[in-house]
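Working through the structure, step by step
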Amino acid sequence: MEDRNNVTEFILLGLFNSQEVKEVSLIFFSLCYLVILMGNLFILTTIRFSQLNEQPMYFFLSYLSFMDVCFTSTVAPKLIVDLLAQRSTISYNNCMAQMFYAHFFGAAEIFILVAMAFDRYVAICKPLHYMVIMSRKVCRLIVLASCIGAFLHSIMQVLIAVQLPFCGPNKIDHYFCDVFPLLKLACTDTFSLVIALIGTTGMLSILTFISLLISYIIILTTLRTHSSEGRHKALSTCGSHITVVIMFFVPLIFTYVPTDNSVIEDKVFALFYTIIAPMFNPFIYSLRNTDMKNAMRKVWLQKLVSKGK
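Residues numbered from 1 in each chain as written. Predicted model: local features only at pLDDT ≥ 70, side-chain atom pairs only at ≥ 80, totals over all residues. Heavy atoms only, no water.

Here we come to the overall build of the protein. A tally of helices and strands in the protein yields 11 helices and 3 strands. Shown N-terminal to C-terminal, the secondary structure of the protein runs as helices and strands in the order β-α-α-α-β-α-α-α-β-α-α-α-α-α. Taken over the C-alpha trace, the protein has a radius of gyration of 21 Å; the compact-globule value for 309 residues is 19 Å, and the two agree within 12%. Seen along its three principal axes, the alpha-carbon backbone of the protein occupies a region of about 65 × 50 × 30 Å. Residues classed as buried in the protein amount to 48% of the 309 residues present. (Helix = DSSP H or I, 4+ residues; strand = E, 2+ residues; numbered from the N terminus. Rg over C-alpha atoms; globule rule 2.2 N^0.38 Å. Buried < 20%, exposed > 50% of the residue type's maximum accessible area, 1.4 Å probe, protein only.)

Our next topic: the sheet that holds strand β1 (residues 9-12). Pairing is mixed across the open sheet formed by 3 strands, whose spatial order is β2-β1-β3. Both edges of this open sheet fall to β2 (89-91) and β3 (171-172), since each of them pairs with a single strand only. By the bridge criterion, 2 bridges tie β1 to β3 in an arrangement that is parallel. Paired with Leu12 across the strands is Ile172, a residue of β3. Against the sheet, helix α4 (residues 92-125) contacts β1, β2 and β3, and its axis sits at roughly 90° relative to β2. (Pairing = 2+ DSSP bridges. Contact = heavy atoms within 4.5 Å. Axes fitted to C-alpha atoms, helices over the stretch in contact; angles between N-to-C directions.)

Let us look at the packing of helix α6 (residues 136-162) against helix α8 (residues 191-222). For the pair α6 and α8, the least separation of the axes is 12 Å and the interaxial angle reads 175°. Considered as vectors, α6 and α8 are oriented roughly antiparallel to each other. When α6 is examined against α8, the residues His153, Gln157 and Ile160 are found in contact with a partner set consisting of Leu193, Leu197 and Thr201. Within the contact of α6 with α8, the residues separate by chemical class into 3 nonpolar, 3 polar and no charged. (Parallel < 35°, antiparallel > 145°, perpendicular 65-115°, else oblique. Nonpolar A, V, L, I, M, F, W, Y, C, P; charged D, E, K, R; others polar.)

Overall, the predicted model of the protein reaches an average pLDDT of 87, with 93% of residues at or above 70. Helix α2 (residues 56-73) holds the highest mean pLDDT among the elements of the protein, 95, whereas helix α11 (residues 290-308) holds the lowest, 76. (pLDDT = per-residue confidence, 0-100.)

This brings us to the nonpolar core. Judged by nonpolar contacts, the single largest core of 92 residues is most densely connected at Phe10, Phe60, Leu61, Leu113, Phe166, Leu182 and Phe249. Per-element tally for this core: the top contributor is α4, with 19 residues. The contact partners of Phe10, leaving out residues within four places of it in the chain, are Ser88, Thr89, Ile90, Tyr92, Cys95, Phe166, Asn170, Ile172, Leu182 and Leu185. (Core = buried A, V, L, I, M, F, W, Y, C linked by side-chain atoms within 4.5 Å.)

What follows deals with the UniProt feature "transmembrane region" (unreviewed entry) in the protein. Under the UniProt annotation, the feature "transmembrane region" (unreviewed entry) is placed at residues 24-45, 57-80, 100-118, 138-160, 190-223, 235-256 and 268-287. Helix makes up 100% of residues 235-256 and strand 0%, and the two end C-alpha atoms of the span are 31 Å apart. (UniProt positions renumbered as here; feature names shortened; annotations may be inferred.)

Moving on, we get to the packing of aromatic side chains. A full pass over the atoms with the stated rule returns 19 aromatic pairs. Both rings, one in Phe209 and one in Phe249, keep their centres 5.8 Å apart while their planes meet at 25°; by these two values the pair is stacked. Residue Phe209 is located in helix α8, and its partner Phe249 is located in helix α9 (residues 228-256); the two are separated by 40 residues in the primary sequence. Classification of Phe209 as buried rests on a relative accessible area of 14%. According to the relative accessible area criterion, Phe249 is buried, its value standing at 0%. Over the ring of Phe49 we find Arg48, and its NZ or CZ is 5.4 Å from the ring centre. (Phe/Tyr/Trp six-rings, centres within 6.5 Å; stacked < 30°, edge-to-face > 60°. Lys NZ or Arg CZ within 6 Å of the ring centre and 35° of its normal.)

Three- or four-residue spacings in an α-helix give side chains the same orientation, since the helix completes a turn every 3.6 residues. In this model, α2 (18 residues) spans 26 Å end to end at C-alpha, consistent with the 26 Å of a helix rising 1.5 Å per residue. The buried count for α2 comes to 15 of 18 residues, which makes it a mostly enclosed element. (Expected span 1.5 Å × (residues − 1).)

In this section: the state of the cysteines. Tallied over the entire structure, the rule returns 2 disulfides. Residue Cys95 pairs covalently with Cys177 via a disulfide, S to S 2.0 Å. Looking down the S-S bond of the Cys95 and Cys177 bridge, the torsion is -120°, so its handedness is left-handed. Of this pair, Cys95 sits in helix α4 while Cys177 sits in the loop between β3 and α7 (179-185), placing them 82 residues apart in sequence. Here the two residues Cys95 and Cys177 agree in accessibility, since each one is buried. Between Cys167 and Cys187 runs a disulfide, and the two sulfur atoms are separated by 2.1 Å. Linking Cys167 in the loop between α6 and β3 with Cys187 in the loop between α7 and α8, this pair joins segments that are 20 residues apart in sequence. (Disulfide = S-S within 2.5 Å.)

Here it is in structure tokens:
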């Protein structure tokens, strides 16, 4: 524990070394972050001021949009500011805090995606019991359970990190603090911790991803007995969910089930689930979802008409 005090801050090496690439990246990631904020605010406002707010699926979608904003905000602002700096540093305490919040909001997203899959399963496979099973009280309890599960997951990651002795070097070859880059800096044998993290976080991600895919296969199989109109409506919502699940989980799995020591690949995969996927989520849920498109027209046209008066 005394050795650990030799490191009071970490140096984030970031994504790029070239100043020209950093300048282009600054504009690109600033635009991405702006799109994430505006797109998810658009989704939240549409659901809040429309009848979609009464439906469980959109109740969960509003929380997913909120988590997207929070998750990206733990990483993107620091990344953007660091692209302007000659030397990017983060204090030990802020590093632990960033890791906690990133894992908390990321894990909460995973649990909410699972909840959305369960909602679609009940709606399509058990339609007569849907309103009883997915009551507003149950939905709120699911969100609460998601937050509790996310807290337990993130606090475990931090507890692992704070026990690590850091006696130098202090250069993190990443653009934000995460448990695997920190393990590489620890001046102790971390092999058992790496295996434990792969066996928990990594395998949990894989099993959750497989479970989600199986649930959607069951849902799509059940749709064969529905009318063509019912199939089209269900496919538009399930298609959106499946796209988001794949975009989020595939890079996450490659990050937490490392196959080699390629740091560049880890950074690219991390970019997908921290910035790219949250940026595309509002487009996926709005452009591929008929109910969402109709609600958007109604809500935003009403706002424009009221402003015109």
